Amino acid sequence: MIKLKIAIVALVMIFSQSILSQKTVSGTVTDDSGMPLPVASVVVQGTTNGVSTDFDGNYSISNLTASDVLVFSYVGTTTQSIQVGDQTVINVVLETSSEQLEEVVIVGYGKQSRVAVTGAISTVGSEDISALPVTNAESALQGRSAGLTIANSGVPGSTPSVLIRGLGSLNNNSPLFVVDGVIVGNLSGISPNDIENVSVLKDASTTAVYGAQGSNGVILVTTKKGKGGKGQLNFNTYTGYQSVTKRYDVLNTLDYLKYAAELGVFPDRPLELYQNNTDWQDEVFRQGIIQDYNLSFSKGDEKGSQYFSAEYLKQEGTLIETGFERYSFRANSSAKFGKLTVGESMSVAFSKQNPELSSGGRTVLEHAVKATPYLPVYNPNNLGGFQGPSSSADGQDAENPVRVQTLGSAINKNVGIIGNIYAELEVLDGLVFKSQVGLDYYTYDNKRFIPSYSDDSVTGSTTHAQDYASISRSKGSGQTIIFNNSLRYNKTIAEYHNFELLALVEKFEGKSNGASMSSRNAVTDEVDQLSNEDSSLGSSSYETNKLGYLGRINYNYDNKYIASASIRRDASSRFGSNKRWANYYSGSLGWNVAKENFMKNTAFSTLKLRTSYGSTGGDGIGDYLYAPTLTGGFEYPINGEVAFGVTANGGANEDLQWETKEMLNAGLDIGLFNEKITASLEYYENTSKDLLIYIPPPASNGINSGSLPVNLGSSETKGFELSLGYRDSEGDFTWSANLNLGTTQNKVLGLADVDEVVGSAFKGGGNITRTVVGESFFHFYGLVSDGIYQNQAEVDAVFTANPGQTTVQPGDIRFKDLNNDGDITSEDRDIIGNPFPDLTYGFNFDANYKDFDFNLFVTGVSGNEIFNTNTYDLVGGANRLFNISQEYYENRWSLSNPSGTEPRALGAPQNNGVSDRFVEDGSYARLKNVTLGYTLSNNFLEEYISKFRIYISGQNLVTITDYSGLDPELGGSEFGIDRGAYPQPKSFLLGLQVTF
């Protein structure tokens, strides 16, 4: 009993001593300018015991012992750790981190401190670029930069369409891509894992240094280099599956036969065939596997650096027999020899694509939507082993989509080499001479083999048949060599006056050649080689040369008052000698208000006003168009015999000259509480002049080409961009959120003597797009619907000038008579849609808690329309029997369904012409990526492994849209027109990242 009492007293004394030894510490956290830091983190090291400072930077934290260590942290500052000891008041000054102060931005032909930038530049880091499993690096930039619009296709290995600040031309609108100083066509051969950062240049002060090639903006890619310290080996891999889950709801066999009977069509097929109920969309879509393996090594010191990488990527397409495979290798290195630095950057990529195929001018998806459901996919009794239609009763234009995509073979092989070699010499203190040679080289070899087939040889039908094997092949190569020499001089005078001068000369030499061949083999399907049987052959070659001179000066006074100016003179071989040269210029001003004395002790860590103005140019047309050219393949009767000869192909236009774009930009940058909160606002206004476009030549010209290039008209593009960011941390939890928004509006100001430019033919007749003065480029133009005619009286009330017509009847679409002439004609057309969004946006959220990390990324567009040509098929637009949508089948107007919201079957041709019937809202918001990762800490292999992270992720999991098609995001050259596009898949991945 005595022992128990003694034990209790001892425990009470120990507990009391523990209570007495605990203490409370308070204090204030400020930055290095004395500004209080609100919501700074104060945490006991190794525990979850922590608090945040209040708005005045004050804090108080309890339950401390003398041995505890307090960790003070704040976004944009250097973290401090202080042991409590016997202190009860600890005031801390957190210094702005050197990384924040010295952030460097890659610009044209150099780099600048972020605080000295006066242009419109967005930067995307390596983590954001490698976050998505994409086959093309451009796709990884989607939603990451305000003003950058990227539309992807689901085709494996395809290149997305890229626009910076919308359209400014009727011709080429693609930005300039520059990889480590080398101008390239696109980023298809660059592994996203090899990219260190990407700078998106958007205004004149940043793009005018590229003169004739920078009018559509510039995307600068910097690949990874070796970093200081011991060598580091990285292995990254992921694998998963992709699928397309959305389908068009079309008729099954029973409803199809009912619909056929209503149209008076009775297919003559064996009864057992009607037991089939083929879902053609399920037959052409599949679940595809994607996998990627990347290994890299990095090392560097004061004498040089090395970076090497190798990657293997394989993606099975979600459409049968499509896929993409790539092997890529990279070697970047540099070495210093006193004042001389030499280096190289080189990448090689070997790729193979199994493309999406088409037949009869129709995509596989279009065939699948229209195909008859009672026909089976396969029939071993038919030549080739497939079954297809034999008459109009079977929907004869709809070919078997599985046969179209899988019979024979289609392989596209490409090799790409991108690299440069440079030498940099410090001639004098601050004066550096640099010489560089860059190369972009590629080859392609595309093969297509189709053996003989007959989709209904049992009945003797030749509707879809080929009694020979066809072989086609196209191959070629091209290269761009860029030489540039530059002198750069940096000088600081009287401590605060900072100058940078650049003089540069650059030469561009581009060559390409190609050949296309085809033949037949009526003897066997076993030989897939070309022969002389029914053969054809053609070839082409082109050469482009450019020469440019650049001068630029950057000045800033203590990074407070900033000015920049540049002038560039360019020549291009695409223009005649009298119009070959052009001058481009830019100027910009900036004021870092936050560095003024009156801004001290305020919440602003950044407050910068900037503006720029200048001009750039464009030569985005073909070669030799300023001169007369000849073309062959023509036959002439001479002396009673056929003679082969040539004729004039294109008319000469010696006055053909550069497009010119004048750009105005105004910007405001804000940073609060040491960049905890950031914002950037831009306004831009771009005016393009002397637009390069093609017009039909007069028939009297006597030339073969159907178009003539001219400089014609002008346009204006303007809009706003906003980027917002927030970063915070509390204890072991850190998070950040970034939102970017961009608006753009384009308007044609003049087209000289041309009234309109039309394009994009529609299967129902006419053209979908039109461009006229005062409106946007490529807007949709057609009839405007106003319900369904319910009776003859309603028809007669519209057709007052043509009362005897019988084509339009009750059940047809009532179109508006906009010119009030008592008839519905092409004169009643109006603007029915705009393919370009009013707003593009991206939202990124990152969070980390201890060893867990989470990312959520959303992209979207708003305010655009899509012309859905698939609707034409789904509503029986051809006025013949094909499969149709269930919605149209149930809601079409008929005498028994006079309240139907869809027009009658086999109705008036106007029902299926270009009209707003086919125009839909293309707005969408898409969950582009969501990732959850875990990094293993204190692992038993930590002596050998410095990082071991596993993660799961999903892409395109949720899309919010009113669009009825399979995918509202449309890539390709036809803006906003869906012709059965290959949809983007949903992806589910498991990944691993290991650093040794």
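Scoring rules and cut-offs
- Residues numbered from 1 in each chain as written.
- Predicted model: local features only at pLDDT ≥ 70, side-chain atom pairs only at ≥ 80, totals over all residues.
- Heavy atoms only, no water.
- Helix = DSSP H or I, 4+ residues; strand = E, 2+ residues; numbered from the N terminus.
- Rg over C-alpha atoms; globule rule 2.2 N^0.38 Å.
- Buried < 20%, exposed > 50% of the residue type's maximum accessible area, 1.4 Å probe, protein only.
- Contact = heavy atoms within 4.5 Å.
- Areas by Shrake-Rupley, 256 points an atom, 1.4 Å probe, with all protein chains shown as cover.
- Lys, Arg positive; Asp, Glu negative; His and termini not counted.
- Charge placed at Lys NZ, Arg CZ, Asp CG, Glu CD.
- UniProt positions renumbered as here; feature names shortened; annotations may be inferred.
- Pairing = 2+ DSSP bridges.
- Axes fitted to C-alpha atoms, helices over the stretch in contact; angles between N-to-C directions.
- Patch = residues over 30% accessible without salt bridge, like charges linked within 9 Å, V, L, I, M, F, W, Y side chains within 5 Å.
- Salt bridge = Lys/Arg side-chain N within 4 Å of Asp/Glu carboxyl O.
- Domains from an automatic or database assignment.
- 1 Å grid on protein atoms, 1.4 Å probe; cavity = no way out; pocket = protein on both sides within 12 Å on 5 of 7 lines; lining within 4 Å.
- Points joined across faces, edges and corners; volume = space filled by probe spheres on them.
- Nonpolar A, V, L, I, M, F, W, Y, C, P; charged D, E, K, R; others polar.
- Phe/Tyr/Trp six-rings, centres within 6.5 Å; stacked < 30°, edge-to-face > 60°.
- Lys NZ or Arg CZ within 6 Å of the ring centre and 35° of its normal.
- Core = buried A, V, L, I, M, F, W, Y, C linked by side-chain atoms within 4.5 Å.

- An unreviewed UniProt entry lists the chain under the name SusC/RagA family TonB-linked outer membrane protein, with Maribacter luteus as the source organism.

**A closer look at the overall build of the chain**
No. 1: A count of helices and strands for the chain gives 11 helices and 57 strands.
No. 2: A compact globule built from 996 residues would reach a C-alpha radius of gyration of about 30 Å, and the chain, at 33 Å, matches this within 12%.
No. 3: Principal-axis analysis of the C-alpha atoms places the extent of the chain at approximately 110 × 90 × 65 Å.
No. 4: For the chain, the proportion of its 996 residues judged to be buried stands at 50%.
No. 5: Taking the contacts inside the chain whose residues are at least 6 apart along the sequence as the reference set, 70% of them involve residues at least 24 apart.
No. 6: In the structure as shown, the chain presents an accessible area of about 44,400 Å², 54% of it carried by carbon and sulfur atoms.
No. 7: One way to put it: in the chain the 73 positive side-chain charges average out to a point 7 Å from where the 110 negative ones average out.

**Notes on the UniProt feature "domain: TonB-dependent receptor plug" (unreviewed entry) in the chain**
No. 1: Mapped onto this structure's residue numbering, the UniProt feature "domain: TonB-dependent receptor plug" (unreviewed entry) falls at residues 116-218.
No. 2: Counting secondary structure, residues 116-218 comes out at 8% helix and 27% strand; the distance between its end C-alpha atoms is 19 Å.

**Points about the sheet that holds strand β10 (residues 121-125)**
No. 1: The five strands lie next to each other as β10-β15-β16-β13-β14, forming an open sheet whose pairing is mixed. Across the chains shown, the open sheet's two edge strands, defined by having one partner strand only, are β10 and β14 (182-184). Sheet twist, expressed as the mean angle between neighbouring strand axes with direction ignored, is 25°.
No. 2: The pairing of β10 with strand β15 (residues 195-201) spans five bridges and is antiparallel. Each residue of the ladder has a partner; that of T123, found in β15, is S199.

**Examining the environment of T859**
No. 1: By secondary structure assignment, the location of T859 is in strand β50 (residues 852-862).
No. 2: Judged by relative accessible area, which is 2%, T859 ranks as buried.
No. 3: Through-space distance from the C-alpha of T859 to that of I567 is 37 Å; in sequence the pair is 292 residues apart.
No. 4: Beyond its immediate sequence surroundings of up to four residues, T859 is in contact with Q142, G143, Y841, G842, Y924, A925, R926 and K928.

**Considerations on a nonpolar patch on the surface**
No. 1: A cluster of nonpolar side chains, contributed by F733, Y849, F852, L932, I952 and L990, occupies part of the molecular surface with about 580 Å² of accessible area.
No. 2: Tracing the backbone shows I952 in strand β54 (residues 947-955).

**Focus on the pattern of salt bridges**
No. 1: Scanning all chains against the criterion turns up 41 salt bridges.
No. 2: A salt bridge links E662 to K689, with the shortest nitrogen-to-oxygen separation between them at 3.5 Å. With E662 in strand β36 (residues 659-672) and K689 in strand β37 (residues 677-689), this residue pair connects regions lying 27 residues apart in the sequence.
No. 3: Residue K689 is classed as partly exposed on the basis of its relative accessible area of 34%.
No. 4: A salt bridge links D853 to R949; the nearest nitrogen and oxygen atoms lie 2.6 Å apart. Note that D853 is positioned in strand β50 and R949 in strand β54, a separation of 96 residues in sequence.
No. 5: Judged by its relative accessible area of 12%, R949 is buried.
No. 6: If you follow the salt bridges from partner to partner, you end up with R362, E366, K370, D397, K763, D873 and R880 in one network.

**A closer look at the domain arrangement of the chain**
No. 1: What the domain assignment lists for the chain is domain 1 (21-93), domain 2 (104-231) and domain 3 (780-830).
No. 2: The centre of domain 1, based on its C-alpha atoms, is set 77 Å off from the matching centre of domain 3.

**Considerations on empty space enclosed by the protein**
No. 1: One pass over the structure, following the stated rule, counts 11 cavities of 30 Å³ or more.
No. 2: The volume enclosed by the largest cavity comes to roughly 300 Å³.
No. 3: Lining of the largest cavity is provided by 22 residues; of these, P133, V134, S153, Q315 and Q984 occupy positions nearest its centre.
No. 4: Looking at the lining of the largest cavity residue by residue, the classes come out as seven nonpolar, 14 polar and one charged.
No. 5: The calculated volume of the second largest cavity comes to roughly 110 Å³.
No. 6: In terms of lining residues, the second largest cavity is bounded by V107, G108, Q112, T118, G119, S205, T206, R552, N554, S564 and S588.
No. 7: Only α4 (204-207) and β30 (536-557) provide two or more residues apiece to the lining of the second largest cavity.

**Digging into the packing of aromatic side chains**
No. 1: Summed over all chains, the structure comprises 29 aromatic pairs.
No. 2: Aromatic pair Y293 and Y312: ring centres 6.5 Å apart, planes at 15°, arrangement stacked. Residue Y293 is located in strand β18 (residues 288-301), and its partner Y312 is located in strand β19 (residues 304-316); the two are separated by 19 residues in the primary sequence.
No. 3: Take Y312: its relative accessible area is 19%, and that puts it in the buried class.
No. 4: Consider the rings of F836 and F975, whose centres lie 5.1 Å apart with planes at 55°: the pair is tilted. Here F836, found in the loop between β48 (830-833) and β49 (839-849), pairs with F975, found in the loop between β55 (959-961) and β56 (977-978); they are 139 residues apart in sequence, far enough to count as distant.
No. 5: Judged by relative accessible area, F836 falls into the buried class, the value being 10%.
No. 6: Of the residues examined, F975 reaches a relative accessible area of 23% and is grouped as partly exposed.
No. 7: One aromatic cluster is present, formed by F762, F780, F867, Y872 and F918 through successive ring pairs.
No. 8: Over the ring of F882 we find K370; its NZ or CZ atom is 4.3 Å from the centre of that ring.
No. 9: We note R770 situated over the ring of Y781; from NZ or CZ to the ring centre the distance is 3.6 Å.

**A closer look at the nonpolar core**
No. 1: By size, the foremost hydrophobic cluster in this structure holds 38 residues, and its most contacted members are Y248, Y259, W280, V284, F285 and V402.
No. 2: Per-element tally for this core: the top contributor is helix α7 (residues 364-370), with four residues.
No. 3: Sequence-distant contacts of V284, defined by excluding residues within four places in its chain, comprise T318, L319, I320, V364, A368, P401 and V402.
No. 4: In terms of nonpolar packing, the next biggest core, distinct from the first, is built from 24 residues, A137, V162, I219 and I418 among them.

**Digging into unusual backbone geometry**
No. 1: One non-glycine residue with positive phi stands out, namely N639, at about 55°.
No. 2: Relative to the helices and strands, N639 resides in the loop between β34 (629-638) and β35 (641-650).
No. 3: In this structure, F778 takes a positive phi of about 55° despite not being glycine.
No. 4: By the element assignment, F778 lies in the loop between β44 (767-771) and β45 (779-782).
No. 5: Relative accessible area serves as the criterion here: at 19%, F778 is assigned to the buried category.

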